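Here is what each chain is made of, one letter per residue.
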Amino acid sequence: MAQQPKTAPAKAAAEPRSPDGKRYLAQPLVRNQFFADPSAHVFNGKIYVYPSHDVDAGIPDDDLGNQYAMHDYQVLSMDRPGGPVTVNPVAIDVKDIPWASKQTWAPDAAYKNGTYYLYIPARDKQGVFRIGVATSKSPTGPFKAEPTPIAGSYSIDPAVFTDTDGQSYMYFGGIWGGQLQRWATGRYDANGGDTDLKRDDQPALSAKIARLSPDMKSFAEAPRDVQIVDDQGKPILGGDHDRRFFEASWLFKRNGKYYFTYSTGDTHYLAYAIGDTPYGPFRYTGRIMEPVQGWTTHHSIIDFKGRWYLFYHDTQLSGKNHLRSAKMTELRFNPDGTIQTINPFKD
């Protein structure tokens, strides 16, 4: 009996690689649009991601972030990690935010008593970054903006954490393009610099924290510093670019401990510090993730059915700093509560 010819095995698709030949740990959640700064939440047993929506406005890269010309938000949703991702319709556009002029940067969201809250950093009519809030009865919007920004708010990157007692807090701030250095005196100074205070031997500029009022639309107190300290309890210094705060606050609670997580900016690490209260102080503990492809790094962390996940972004699809793709990967902890550092590449 004649033997049948053997069929050659189908060639596996080549695994995507970075410009320097590395394989990516995770693939983009969305491939036909650019979404960055993914703030993830679990609402009603589903995952909702509130990212910024990158667009190409033809603006060259600079240290003030003018190339990041985002103007609207679309919410991503999925039933489970690894499941299909839905890109929902536009939730709100900058033209529908009465106080804002441009640059709707990294947002966050919260839920309370039947209402979803979207926290929006954007430039006001004078070009100063403020943080506003918009509301909806649906986690995907559309959202309706309040007519004015939150009184006492400034800078960028709001992150709202609700503790187990129901009290909510906003963490916010970012240096360089986020303008935090221009608020060092407590008032906005347009001549306050484009980067940091340039005081390397002094405590670094801090993220801010403010307890939210029950209506989730205002601060119940004046913002105060989020203090990050070293093993000796001394503040991290401005010159310590591997550990000092730059932007991208995110707070979560695990086993009674509060993890304040953030980006180091120009050194491109995701770092974390651990404290005993939402206010800290937070002791610098280590890195969550090594540098991704691209200049910025910005993240969120959630617990979904007992497993923890890190959401982040990189420039895999575009190779351009201002056109980023949101990704996710599992986050693992050591028995002592420290985080196992993630390499965003497989090799």
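Note: the structure precedes this text.
**Q** Break down the overall build of the protein chain for me, with residues and values.
**A** A count of helices and strands for the protein chain gives zero helices and 21 strands. Taking 2.2 N^0.38 as the reference for a compact globule, 347 residues should give roughly 20 Å; the C-alpha atoms of the protein chain span a radius of gyration of 20 Å, in line with that estimate. Taken over 347 residues, the protein chain has a buried fraction of 55%. Across the protein chain, contacts joining residues at least 24 apart in sequence account for 53% of those joining residues at least 6 apart. Roughly 15,400 Å² of accessible area belongs to the protein chain as shown, and the carbon and sulfur atoms make up 48% of that amount. For the protein chain, the distance from the average position of its 39 positive side-chain charges to the average position of its 39 negative side-chain charges is 5 Å.

**Q** Kindly report on the sheet that holds strand E21 (residues 325-331), identifying the contributing residues and their values.
**A** The sheet built from three strands is open, its strands ordered E19-E20-E21 with antiparallel pairing. Edge positions in the open sheet fall to strand E19 (300-304) and E21, since each of these has one partner strand only. The average angle at which neighbouring strand axes cross in this sheet is 30°, direction not considered. Note that E19 and strand E20 (residues 307-314) share five bridges and pair antiparallel. Of the residues in E20, the one forming a bridge with Ser-300 is Phe-311.

**Q** Can you lay out the sheet that holds strand E4 (residues 86-93) for me, pointing to particular residues and giving the numbers?
**A** What the four strands build is an open sheet, ordered E1-E2-E3-E4; its pairing is antiparallel. On the outer flanks of this sheet lie strand E1 (34-43) and E4, each paired with one strand and no other. When strand polarity is set aside, the average angle formed by the axes of neighbouring strands in this sheet is 25°. Where strand E3 (residues 72-78) lies against E4, five bridges are found, and the strand directions are antiparallel. Its bridge partner being in E4, Gln-74 is matched across the sheet by Val-90.

**Q** Now, about the side chain of His-41: what can you tell me, with residues and values included?
**A** Positionally, His-41 belongs in strand E1. Separated by 2.7 Å, the side chains of His-41 and Asp-108 make a polar contact. Setting aside residues up to four positions removed in sequence, His-41 forms contacts with Lys-46, Ile-47, Tyr-48, Tyr-50, Asp-108, Ala-109, Val-160, Trp-250 and Ile-302.

**Q** Help me get a handle on the nonpolar core, residues and values and all.
**A** One finds Tyr-119, Met-170, Tyr-171, Ile-228 and Phe-260 to be the most contacted residues of the largest nonpolar core, which totals 38 residues. Elements supplying a minimum of two residues to this core: strand E7 (115-124), strand E8 (129-136), strand E10 (159-162), strand E11 (168-172), strand E12 (208-211), strand E16 (257-263), strand E17 (270-275) and strand E18 (282-289). By residue number, the principal contributor to this core is E11, which donates four residues. For Tyr-119, the residues in contact, after removing those within four places along its chain, are Pro-107, Asp-108, Ala-109, Ala-110, Gly-132, Val-133, Ile-150, Pro-158, Val-160, Met-170, Leu-212 and Met-216.

**Q** Which residues make up the pairing of E19, and what values do they have?
**A** Judged by how many residues are buried, E19 sits mostly within the fold: four of five residues are covered. Here E19 folds back onto E20, and the loop between the two strands holds two residues, one of which, Lys-305, carries a positive phi near 55°.

**Q** So what about the packing of aromatic side chains? Which residues, and what values?
**A** In total, this model carries 28 aromatic pairs according to the counting rule given. Geometrically, the ring pair formed by Tyr-259 and Tyr-272 is stacked, given 6.2 Å between the ring centres and 20° between the ring planes. In this pair, Tyr-259 sits in strand E16 while Tyr-272 sits in strand E17, placing the two residues 13 residues apart along the sequence. Taken individually, Tyr-259 and Tyr-272 each receive the classification buried, so the pair is uniform in this respect. Plain terms: the ring middles of Tyr-259 and Phe-333 are 6.0 Å apart, the flat faces sit at 80° to each other, and that makes the pair edge-to-face. Residue Tyr-259 is found in strand E16, and its partner Phe-333 is found in the segment after E21; the two are separated by 74 residues along the sequence. Across from the ring centre of Tyr-284, 5.4 Å away, lies the NZ or CZ of Arg-243, which sits over that ring.

**Q** Pulling in residues and values, what's your account of the environment of Asp-165?
**A** The topology assignment puts Asp-165 in the loop between E10 and E11. In the structure, Asp-165 is positioned 140 residues away from Leu-25 in sequence and 36 Å away in space, judged by C-alpha atoms. From its side chain, Asp-165 meets the backbone nitrogen of Gln-167 in a polar contact 2.9 Å long.

**Q** Before we move on, can you summarise unusual backbone geometry with the specific residues and values?
**A** Here the bond from Gly-141 into Pro-142 is cis, since omega is 5°, no more than 30 degrees from zero. With respect to the helices, strands and loops of the structure, Pro-142 is situated in the loop between E8 and strand E9 (144-145). Of note, the amide linkage connecting Gly-280 to Pro-281 takes the cis form, showing an omega dihedral of 0°. Looking at the element boundaries, Pro-281 is found in the loop between E17 and E18. Unusually for a residue other than glycine, Asp-157 sits at a positive phi of about 55°. Within the secondary structure, Asp-157 sits in the loop between E9 and E10.

Conventions used here
Residues numbered from 1 in each chain as written. Predicted model: local features only at pLDDT ≥ 70, side-chain atom pairs only at ≥ 80, totals over all residues. Heavy atoms only, no water. Helix = DSSP H or I, 4+ residues; strand = E, 2+ residues; numbered from the N terminus. Rg over C-alpha atoms; globule rule 2.2 N^0.38 Å. Buried < 20%, exposed > 50% of the residue type's maximum accessible area, 1.4 Å probe, protein only. Contact = heavy atoms within 4.5 Å. Areas by Shrake-Rupley, 256 points an atom, 1.4 Å probe, with all protein chains shown as cover. Lys, Arg positive; Asp, Glu negative; His and termini not counted. Charge placed at Lys NZ, Arg CZ, Asp CG, Glu CD. Pairing = 2+ DSSP bridges. Axes fitted to C-alpha atoms, helices over the stretch in contact; angles between N-to-C directions. Polar contact = N/O pair within 3.5 Å; in protein donor to acceptor, adjacent residues only side chain to side chain. Core = buried A, V, L, I, M, F, W, Y, C linked by side-chain atoms within 4.5 Å. Phe/Tyr/Trp six-rings, centres within 6.5 Å; stacked < 30°, edge-to-face > 60°. Lys NZ or Arg CZ within 6 Å of the ring centre and 35° of its normal.

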